[in-house]
Amino acid sequence: QVHLAESGGGLVQAGGSQRLSCAASGRTLSSYAMGWFRQVPGLEREFVAAISWNGGRTYYADSVKGRFTISRDNAKNTVSLQMNSLKPEDTAVYYCNALKSMLWANGEHTEFDYWGQGTQVTVSS
């Protein structure tokens, strides 16, 4: 059984930065691509960013491209999301997950059902 624990969320002013972390336990996820997602209450969860198993490839949603950076440390079984130049519209609960499949050309992907509790990010204007 895989357990994912997101952390690092909180309240930040617009224009500020925040770094999220995701720790996996139960099994190593070093052979899987990993992704970050976010969800606003009442809306569907949306894709934010993905990183290949060895960190060699990344993919970002257009809404965060140039502002967010995804990284991973396979030795620690962790994935991180550095968020800069935050905007109020980035406010959401952020989740990480392992990806069953990922098309790096266009971002199409499927996820495992390993969802954790998420971490709330609130950006004030």
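The text that follows walks through the structure, step by step, so that each part is easy to find. Predicted, not measured: the structure shown is a model, and the values here were computed from it. (Residues numbered from 1 in each chain as written. Predicted model: local features only at pLDDT ≥ 70, side-chain atom pairs only at ≥ 80, totals over all residues. Heavy atoms only, no water.)

### Some remarks on the nonpolar core
One recurring pattern in soluble globular proteins is that nonpolar side chains are buried together. Core analysis: the largest hydrophobic core is formed by 36 residues, its most contacted members being Leu4, Trp36, Leu81 and Tyr94. Top contributing element to this core by residue count: strand E9 (residues 92-102), with 6 residues. Every residue in contact with Leu4, bar those within four places of it in the chain, is listed here: Cys22, Ala23, Ala24, Leu29, Met34, Cys96, Asn97, Ala98, Tyr114, Gly116 and Gln117. (Core = buried A, V, L, I, M, F, W, Y, C linked by side-chain atoms within 4.5 Å. Buried < 20%, exposed > 50% of the residue type's maximum accessible area, 1.4 Å probe, protein only. Helix = DSSP H or I, 4+ residues; strand = E, 2+ residues; numbered from the N terminus. Contact = heavy atoms within 4.5 Å.)

### Some remarks on the sheet that holds strand E7 (residues 68-73)
The pairing of strands in a sheet happens through backbone hydrogen bonds and is either parallel or antiparallel. The antiparallel open sheet is built from 4 strands, whose spatial order is E1-E3-E8-E7. Sheet topology places strand E1 (3-7) and E7 at the edges, where each strand pairs with a single neighbour. Ignoring strand direction, the axes of neighbouring strands in this sheet form an average angle of 15°. Across 6 bridges, the pairing between E7 and strand E8 (residues 78-83) is antiparallel. Looking at the pairing, Ile70 lines up with Leu81 of E8. (Pairing = 2+ DSSP bridges. Axes fitted to C-alpha atoms, helices over the stretch in contact; angles between N-to-C directions.)

### Side note on the pairing of strand E5 (residues 46-51)
Of all 6 residues making up E5, 5 are buried, and the element is well covered by its neighbours. Sheet analysis places strand E4 (residues 33-39) next to E5, joined by 5 bridges and oriented antiparallel. Residue Arg38 lies in a different strand from E5, and its bridge partner there is Glu46. Linking E4 back to E5 in an antiparallel pair, the connection comprises 6 residues, with Gly42 at a positive phi of about 90°. Both E5 and strand E6 (residues 58-60) contribute to a ladder of 3 bridges, which runs antiparallel. Opposite Ala49, over in E6, you have Tyr60 as the bridge partner. The antiparallel hairpin formed by E5 and E6 contains 6 residues in its connecting segment, where Gly55 sits at a positive phi of about 80°.

### Things to note about unusual backbone geometry
Look at Asn77: it is not a glycine, yet its phi comes out positive at around 60°. With respect to the secondary-structure elements, Asn77 resides in the loop between E7 and E8. Classification of Asn77 by relative accessible area gives buried; the value is 15%. Positive phi, normally seen in glycine, also occurs at Ser85, with a value near 50°. As for its placement among the helices and strands, Ser85 is situated in the loop between E8 and E9. Judged by relative accessible area, Ser85 falls into the partly exposed class, the value being 41%.

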